[in-house]
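Take a look at the letters that make up each chain.
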Amino acid sequence: MGSVGRLLKFSDLKKILKKILKKFGIEWDASRGKGSHGVFVGLSHVTRIREVYPIPKSQQRQMSDAYLRPLRRTFELTEKDGVSDDEFFS
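Each chain has its residues counted from 1, running along the sequence as written. It should be noted that, the model being predicted, local features are given only for residues of pLDDT at least 70 and side-chain atom pairs only at 80 or more, the latter also being counted only at that level, while totals for whole chains, interfaces and linings use all residues. Side-chain measures here rest on the full set of heavy atoms in the structure, leaving out hydrogens and waters.

S.K.: Quick rundown of the overall build of the protein chain? Include the residues and the values.
M.R.: Helix and strand definitions follow DSSP, with helices as H or I runs of at least four residues and strands as E runs of at least two, each counted in order from the N terminus. The helix and strand inventory of the protein chain stands at three helices and five strands. Ordering the α and β elements of the protein chain from the N terminus gives β-α-β-β-β-β-α-α. Considering only contacts within the protein chain whose residues lie at least 6 apart along the sequence, 48% involve residues at least 24 apart. Here the accessible surface of atoms and residues is derived via Shrake-Rupley with a 1.4 Å probe, and residues count as covered only by protein chains that are part of the display. In the structure as shown, the protein chain presents an accessible area of about 5400 Å², 51% of it carried by carbon and sulfur atoms. Working rule for contacts: check all heavy atoms of both residues, and any pair within 4.5 Å makes them a contact.

As structure tokens, then:
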């Protein structure tokens, strides 16, 4: 999965994820979530079930892009689900 393990500022990670996930119909919603978290909301790729994936929205923290693995599993965007790494990151 590319650069998993690298630390990114949240604002950088959010920009990357927003761009990637938009093409799969998944949107960022900062108004949902609990206080310090916002959520990505959308339908899972295979089963078409509405999913919500929270991530911290703090601009100060460094975050690992390891958030990608569970996010991709939640929205069924893994190679097992038919979405290659190349397709996901393109």
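S.K.: Tell me about the pattern of salt bridges, and please be specific about residues and values.
M.R.: Take a side-chain nitrogen of Lys or Arg and a carboxyl oxygen of Asp or Glu: if they are within 4 Å of each other, that pair is a salt bridge. For the coordinates displayed, the defined rule picks out one salt bridge. In this structure, the salt-bridge partner of arginine 72 is aspartate 85, at a minimum N-O distance of 2.8 Å. Here arginine 72 is found in helix H2 (residues 68–74), whereas its partner aspartate 85 is found in helix H3 (residues 85–89), with 13 residues between them in sequence. Exposed residues in this analysis have more than 50% of their type's maximum accessible area, buried residues have under 20%, and partly exposed residues fall in between, with area computed by a 1.4 Å probe over protein chains only. Owing to a relative accessible area of 1%, arginine 72 belongs among the buried residues under this scheme.

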